[in-house]
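# Structural description and commentary
Residue strings, one per chain:
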Amino acid sequence: MAANSEADISEAQIAVHWKEEPLIDPPASFIAQANMKDKQIWDRFAEKNFPECYKEYADMLSWDQPWKTTLDTSKPPFWKWFVGGKINASYNCVDRHLAKYKNKAALIWVPEPEDEAIQTITYQELYKRVNEFALLLKEFAGLSKGDRITFHLPMIPELPISMLACARLGIIHNQVFGGFSAKACAERMEDSKSHVLVTVDGYYRNGQLIDKKKEADITVEEAKKLGIDVKKVLVWRRHPGKYVSQSPMVEGRDFFVDEVVKPFRGKTVAPVSMDSEDPLFLMYTSGSTGRPKGAQHRTGGYLAYVTGTSKYVQDIHPEDVYWCFADIGWITGHSYIVYGPLALAATSVMYEGVPLYPDAGRPWRIAERLGVNIFHTAPTTIRMLRKAGPDEPAKYNYHFKSMTTVGEPIEPETWRWYYNTVGKKDAAITDTWWQTENGGFLCSTLPALAPMKAGSAGPGVPGIYPIIYDENGVEVPAGQGKAGNICIRNPWPGIMQTIWGDPDRFVKVYYAKYNKNKDSKDWRDWPYFAGDGAVLALDGYFRILGRVDDVIKVAGHRLGTKELENAVLTTPQVAEAAAIAMLDELRGHVPVVYVALKPGIAPSKELEETIKANVVTALGPIARPKSVYIVPDLPKTRSGKIMRRVLASISDRKDYGDVTTLANPDIVETIRKQVQTG
Ligand code: WT7
């Protein structure tokens, strides 16, 4: 059979062409004060000093017992870091700062309603609240080291408090992003076998008071169907003492935290000394199959990695006011709102709401009011703020020394607005490329040591050795404008330990592709496959092109096309579904769904709406398809593979290429007409 030209090109090879962007030097004022301005760092973290170089990060922490082996490679690719060491993450983020910084703000929480008072939580107050909740988890909920607990919490200070309380006792927390549905939360409870759910009665989003407790009731019901008996639902109250949910509290199951915490007021519990390799938390993320995977992160290595990168890449000093405008339900928030900044005794700002509430000046008012000097957010937020208020930043008197972008590629256009207008041409920018699985940054410039380049993430950060391979495992050299699969040649302390409960999938997804010898105990034989296409310029800067697998990024959030398709297929009328990512001016990409119906079923607007609603129920509002197209048939290769790329080209109004070798080539033109003229 003739080779199918469309199906045979690897995703990574579809390189886009762009013009090289000029290098821009970070401001001298930034460089003068930077934590890391010593070029020697490249030598210290060079391959010849690997893995011992990572002692520099681990030494930023307080260990109960020093580690014996920096990196244990005896069971690849299940690396072990700082083996033999004992440490507690809660102690490192809270207790150890009390002597010097007790009275300093640890968290500053900005409620969405602008007339509601901002809350400042000092390290002393954080210490008390973490201890009280930890005692509640231990004594009231009966949880101990190694147990899992699930949170379905929005951006309220009780979220980091709950995380740090778990970390204190070695309870493995599993925060499910607030934009995921109750059903998605139940699936994650089932996978992690958690029997306690932590939620809140309500919170503000875009001017609305959202009833969150109602979702918890559905979560419990759905979990039950999956065989999980949720024993306790712990309900924080957005306004303690006042219940804002419509959902009744279930006797013996649901408890208000502000009530059941009373016996523990003012009491403390000693942090449990954890093995460096004990898991700290799970973070579920999407992959190529329908089943989300629980990235399992370790205690010692993870904490060392996020602390080191927060200090050197984010340039966080204790006196900084640092605002990462992301959600803690996302790995960015775990690493760079909670664990990294707090380990460094910084002041970490949290905002409850959406960027444009009540108007496009809100983030800049927050920055001005709190004196934020480090700002960190995603391209989708930057695009949104630019579109709604291109001139707003100039109206406010704040000064950022540095800014970060994360989560998806940033177009040079958007980068320039970030630099010129938001940063007022006086802030260093880091474009940080990494993933849920990685714990912390993989590529970024060190802002005082290297110039910036719009749209490029930069080289690997210290101790990370990236490489681009083609499909056959041959290195794609720099400066050829040729794309390939970006991989990391070495292990690092922030890499996940495994996929919770599925070690085989861990090996298969991230290591099988480029492993040279499965019996090798040499880390050099186990490059980590990230699943992103990238191009390497001559100057060593990587430009990330996006996912090469069936993962799509919607406003920076990660969704699996299989998960979306499974959600669509919960609609009984649907026979087949294909989910694709369509280019979107603001959100980068949005999901679009193509479906073929079962015989005898007529298409209708109503059915399209039902399908959208079913996706929201299964996955959550972030997954709502922008459009649902009911088509006569889906384009397929002769082997039956649905050609999602052809559908994506149609949605993006691009040339869909040569489709003559498909099993049903004529359908492509029919669909194109329907979509582009309909
Ligand atoms: C995927 C991982 C890591 C925190 C947030 C996302 C994309 C991430 C960048 C960047 C271009 C980026 C990649 C990656 N991505 N950062 N700076 N430039 N693309 O975590 O949800 O696990 O998603 O986000 O495609 O694989 P995540």
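Cut-offs used in this document
- Residues numbered from 1 in each chain as written.
- Predicted model: local features only at pLDDT ≥ 70, side-chain atom pairs only at ≥ 80, totals over all residues.
- Heavy atoms only, no water.
- Helix = DSSP H or I, 4+ residues; strand = E, 2+ residues; numbered from the N terminus.
- Rg over C-alpha atoms; globule rule 2.2 N^0.38 Å.
- Buried < 20%, exposed > 50% of the residue type's maximum accessible area, 1.4 Å probe, protein only.
- Phe/Tyr/Trp six-rings, centres within 6.5 Å; stacked < 30°, edge-to-face > 60°.
- Lys NZ or Arg CZ within 6 Å of the ring centre and 35° of its normal.
- Near = heavy atom within 4 Å.
- Polar contact = N/O pair within 3.5 Å; in protein donor to acceptor, adjacent residues only side chain to side chain.
- Areas by Shrake-Rupley, 256 points an atom, 1.4 Å probe, with all protein chains shown as cover.
- Nonpolar A, V, L, I, M, F, W, Y, C, P; charged D, E, K, R; others polar.

### A few points about the overall build of the protein chain
- Tallying secondary structure elements over the protein chain gives 21 helices and 32 strands in all.
- Radius of gyration (C-alpha) of the protein chain: 24 Å, near the 26 Å computed for a compact globule of 678 residues.
- C-alpha extents for the protein chain along the principal axes are approximately 70 × 60 × 60 Å.
- A total of 678 residues make up the protein chain; the buried ones form 64% of that total.

### Some points on the environment of Gly640
- Within the element layout of this structure, Gly640 appears in the loop between strand E32 (627-630) and helix H20 (644-651).
- Looking at Gly640, the relative accessible area reads 41%, which means it is partly exposed.
- Residues Gly640 and Leu662 lie 22 residues apart in sequence; the distance between their C-alpha atoms is 9.2 Å.

### Structural notes on the packing of aromatic side chains
- Across all of its chains, the model carries 45 aromatic pairs by this definition.
- Ring geometry for Phe50 versus Tyr465: centroids 5.9 Å apart, planes at 70°, classification edge-to-face. Of this pair, Phe50 sits in the loop between helix H3 (41-44) and helix H4 (55-58) while Tyr465 is found in the loop between strand E22 (452-453) and strand E23 (466-469), placing the two residues 415 residues apart along the sequence. For the pair Phe50 and Tyr465, a shared accessibility class is recorded, and that class is buried.
- Seen from their ring centres, Tyr54 and Trp81 are 5.5 Å apart, and the 85° between their planes marks the pair as edge-to-face. Separated by 27 residues along the polypeptide, Tyr54 in the loop between H3 and H4 and Trp81 in strand E3 (residues 80-83) bring together distant segments of the chain. Here Tyr54 and Trp81 have matching classes, each one buried.
- In textbook terms, an aromatic cluster arises when at least three aromatic residues are bridged by ring pairs, as seen for Phe45, Phe50, Tyr54, Tyr57, Trp63, Trp67, Trp81, Phe82, Tyr305, Tyr312, Tyr465 and Trp523.
- We note Lys232 situated over the ring of Phe140; from NZ or CZ to the ring centre the distance is 5.2 Å.
- The ring of Phe529 has Lys513 lying over it, and the distance from NZ or CZ to the ring centre is 5.6 Å.

### Here we look at the site of the ligand
- Within the structure, the ligand sits among 18 residues, and Asp431, Thr436, Asp532, Lys553 and Arg558 are positioned closest to it.
- Side-chain polar atom of Lys553 to an oxygen atom of the ligand: 2.7 Å apart, as the coordinates give it.
- Taking Arg558, its side chain carries an N or O atom lying 2.6 Å from an oxygen atom of the ligand.
- Out of a free accessible area of 560 Å², the ligand has 98% covered by protein chains.
- Secondary structure elements with two or more residues in the shell around the ligand: helix H13 (331-343), strand E21 (428-432) and strand E27 (542-547).
- When the residues that make up the shell around the ligand are grouped by side-chain class, the tally is 7 nonpolar, 5 polar and 6 charged.

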